[in-house]
Amino acid sequence: DIHSDSYRDFKITKRLELSELKSTLYELVHGPSGARVIHIAAEDPENLFCLSFQTIPSSSNGVAHILEHTVLCGSQKFPVKDPFFAMTRRSLNTYMNALTGQDFTCYPASSQVKKDFYNLLEVYLDAAFHPELKRTSFLQEGTRIELADGKLQFQGIVYNEMKGAMTSDESRLWQAISSRLVPDLTYAHNSGGDPKEIPNLSYEELVEFHTHFYHPSRCLFFFYGDIPLSEHLDFIADKALKGVAKMPLLPPLPKQRRFSKPVFARDTYPIAPGESSEKKTQVAFAWLTAPITEQAELLALSLLDGLLADNDASPLKKALLTSGLCAQVDTSLDAELSEVPWGIVCKGCEETGADEIQKLIFQTLKEIRFSPEEINAALHQLEFERLEINADGGPFGLSLFFRAALLKQHGSEPENGLLIHSLFAVLRARLKDPFYLSSLLEKYLIGNPHFVRLTFVPDPELAQREEAAETERLAAIYKTLTEEDLDALRKQSQELAAYQDAVEHQSLDCLPKVTLRDVPAHARDFQLVETGKHIFQHECFTNKITYADLVFDLPHLTEEELPLLALFVRLLPDVGCGGRSYEENLAYQQAYTGSFDATIALHVTQDPNVCKPSFGLRGKALDFNRDRLFSLFIDTVNGVDLSDHKRIEEWLKQHGTTLQNRLPSRALNYAIQTALSGFSSASFVYNQWNGLPYYQAAMKWISQGAGALTQRLDKLQKKVLGFKTPDLVLSGEPLPLPKWNLPSHDGAAWKGDYHHPAVESQVRLISSPVAFTSSGFRTISYSHPDSPLLLLCTELLDNLVLHKEIREKGGAYGGGASYSPSTGNFHFFSYRDPHLAKTLPLFSKSLETIALGRFTEQELEEAKLGVIQSLDSPVPPGSRGMVSYAWKRAGRTREEREAFRRSILAATRSEVVRALEEHLLAKPMVTVSLLGKELYDKEKKKLKTPLQLLEI
């Protein structure tokens, strides 16, 4: 909307049409302050802003991360305890977050309502530039020492968050590599914070870090969407940049001094006590490659990464997997860093195998030659990835921020991360040189001495030693404290508790808000047209990509077949079919599709004991390849090849390694699913597919090998593939419909009459210093008129009790309540929680508090906004057809969804209290917690009701 080269004090330095994205890129500089602005104008009502700062930590004390939390705890204009969480319930945002990267911190939010967009922007601007940075906020969010039961302990939300984060072997691995690969750069430090170093951070350092890095001159203001640029510029000129003196931009990060020879290192990671460490060593390799400013070179390296290891048939990955030296191989390029590392991680290894693995990698790299077909297939995958809209599930504008704005902060042109076809044209021209890719391999991998090899060994005693070291450290501190020091600690805890209580009911009237009048009048809906027999299409712009789901009814399955089906679904895309071997089939998928998967879904109807479950094939392809995708569907329905036992054995080992590595990160999911599994057939089946029963069954099959398993899988696929005539669900632009005759057969229809035994409250031990806990029970479901009221209850419980008690006072990273109208299940949860015994009573306490009616009309309105926000969250174009089909299959008509929405908006305080009393209060709960042995030993003495100890 701006046609000259300047607007107010802003000078437009770039105006560029991005036809590939149907958008226009603007770059501007604010003369008086030097602040930089990037705006991507697009016909998208989901507008996004992101305030981005370069933040360069010089240690692992977590200062950038703790500051990210603390600036959102009150500001000059909005001096309330928690404007960030308060705004989540006073808005209709579609996304709201704060993110600490390795060399940046950013504050993104998006909304489809203009008033709401600017409300959020105003709160974020004041938080970033004028935060209160209270010492009490630092103690709550970051780190503090508390005196409890005559002993000292470290507490703080970020402290406990990072304790939980570092239970991930992946997080530990990459931190161990980074500290050695780039020892001279900020990436050598853990920007999130190492729990051993976080207590070293002082409040004064936090304030100084803000002063240095958060100046408006050093902020990059990023905007995306259909709100005119002039309105954004007016807003930030008046609200953030008025009278701001210019500070110089931060200098570019220095270059890492290059190694003359590789670094070889050994490190350890924790596993649970008693857990076998056999074949759980990881051997990782990382090379330092090109700077982020060389985007054309990095695109070529991304192509090489895809060629070498995109799937199990790719040459480097295949050589490693078939060697028997490892069970799983992952590769990565971290393209957000100033100099980009390329990593290869081999899992499921013997500790003594590192030399052999290294020898095999270099030997394979030297011998590899790529065919034109392989190069074109890898190019296709790269282009597809960049063409797709909202592929990662977040706002599209945020994905463009990560592609463009971070480049700008490193001194490169943002369009280099946005343009697709033009960048690929340069790459294709370079590929005409037959030696181009081999020269890159030589330069960056084979002949590059700047690499690290890390042998990462499991240690069942490490968690215990780390806990003991922390205890000794605290004991040593205790010895140095005088009685006056101890009194000061007691006083600090009292002051923090008093502050938390004092601000509990403070007025939020200073914060902007939307009201129920701003809520869209109708429920979201996506038109699904039946364009042929069993063919349904949702027409929308998808950037010339077809999204397709072939959906079959599930036949009746025995209880033993439930986890087996879940394994089959995961295995199916990775084996052969249609006369193609698994290598040929993976190559076919890479050449002609963006992805291809199998799916299972329950589709719970109005009655939570009645499901219309489905087995599906899901894929996406560029429009001109859609017939190839449909051909793949037909080949799969005709049966996949389960005769290649060697391939299935290899896949099983990979899958087992993945399940074990992801156990800590999936701990909360496992706790929730276990707690709910005894309440209905649907919950029981879902747990068999995705919970601990699946984990246990899969590990058993893996230990037994492929022979007996494939016979059972073959029998199952004959039962499932082609059962009845399937529905084809399409999202995209209208194109000729496929003409096919799919094989189909009859059989016993789904019954779902499984015995779901009652679940005992329990704990299960994992390698984690924090707990992942859930308590659940069964209540009413979607068709009950009070169901909308229970959704409002979850918001009130979170907003008024659980967030404050579990996160702010308890120090857990998070906790809350959740209700599923479809299943009728209600559950509480806490995660990365340093407590168990203290947390469990809070679940019941929260219900009792709301049952007393201790909430205002304003708080009820905020709860309504929160529920509507979740109901109206944007759906990516490629998913809209399937979302609409799922509504249809489960019997959720638009009229019913509209009525449900009206009930939410019309609910009164007395109705909510009555519904809570009738359907939630004083229900017996099933509690499940996954946590470490050290924490459990400490907590079990405090539990009012003992929990059964079970094995994973």
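Quick summary incoming for the structure in this document. Predicted model only: the values in this text are computed from it and were never measured.

Here is what the cut-offs are and how they apply
Residues numbered from 1 in each chain as written. Predicted model: local features only at pLDDT ≥ 70, side-chain atom pairs only at ≥ 80, totals over all residues. Heavy atoms only, no water. Core = buried A, V, L, I, M, F, W, Y, C linked by side-chain atoms within 4.5 Å. Buried < 20%, exposed > 50% of the residue type's maximum accessible area, 1.4 Å probe, protein only. Helix = DSSP H or I, 4+ residues; strand = E, 2+ residues; numbered from the N terminus. Pairing = 2+ DSSP bridges. Axes fitted to C-alpha atoms, helices over the stretch in contact; angles between N-to-C directions. Contact = heavy atoms within 4.5 Å. Left-handed = near helix turned anticlockwise from the far one by under 90°. Phe/Tyr/Trp six-rings, centres within 6.5 Å; stacked < 30°, edge-to-face > 60°. Lys NZ or Arg CZ within 6 Å of the ring centre and 35° of its normal.

Some points on the nonpolar core
And then number 1: Ranked by internal contacts, the top residues of the largest apolar core, which has 77 residues, are L565, F615 and F633.
And then number 2: No other element matches the eight residues that helix α18 (residues 561-571) contributes to this core.
And then number 3: Core analysis: the next-biggest nonpolar cluster, separate from the first, contains 69 residues, A127, Y203, L206 and F221 among them.

Focus on the sheet that holds strand β15 (residues 339-349)
And then number 1: Strand order in the open sheet formed by five strands is β12-β16-β13-β15-β14, and the pairing between neighbours is mixed. Because the sheet does not close on itself, it has two edges, and the strands there are β12 (263-270) and β14 (328-333). Averaged over all pairs of adjacent strands, the angle between their axes in this sheet comes to 20°, without regard to strand direction.
And then number 2: Where strand β13 (residues 281-291) meets β15, eight bridges bridge the pair, whose relative direction is antiparallel. Its bridge partner lying in β15, W287 is registered against W342.
And then number 3: Helix α6 (residues 169-181) rests against β12, β13, β14, β15 and β16 (451-459) of the sheet, and its axis sits at about 145° to β16.

A word on the packing of helix α10 (residues 315-322) against helix α11 (residues 354-367)
And then number 1: Running from amino to carboxyl end, α10 crosses α11 at an angle of 145°, the nearest separation of the two axes being 10 Å. Considering the relative orientation of α10 and α11, their crossing is right-handed. Seen from α10, the contacting residues are P315, L316, A319 and L320; seen from α11, they are I357, L360, I361, T364 and L365.

Section: the packing of aromatic side chains
Aromatic rings considered in pairs are described by the distance between their centres and by the relative angle of their planes.
And then number 1: With the rule as written, the count across this model stands at 41 aromatic pairs.
And then number 2: Clustering of aromatic rings is evident, with ring pairs tying together F49, F53, F84, F85, Y107, F117, Y118, Y124, F129, Y214, F221 and F235.
And then number 3: Its guanidinium or amino end placed over the ring of F541, K22 lies 4.2 Å from that ring's centre, counting from NZ or CZ.
And then number 4: Here the basic side chain of R897 rests over the ring of W887, its NZ or CZ set 3.6 Å away from the ring centre.

Some details on the pairing of strand β23 (residues 762-765)
And then number 1: Looking at chain direction, β23 and strand β27 (residues 926-931) are connected through four bridges and run parallel. Of the residues in β27, the one forming a bridge with R764 is L930.
And then number 2: Note: β23 against strand β28 (residues 948-950), three bridges, orientation parallel. Residue V763 lies in a different strand from β28, and its bridge partner there is L949.

Overview of the environment of L427
And then number 1: With respect to the element layout, L427 can be found in helix α14 (residues 421-430).
And then number 2: By relative accessible area, L427 is classed as buried at 2%.
And then number 3: In the structure, L427 is positioned 25 residues away from V452 in sequence and 29 Å away in space, judged by C-alpha atoms.
And then number 4: Look past the residues within four positions of L427 in its chain and what remains in contact with it is L299, A300, L303, L379 and Y436.

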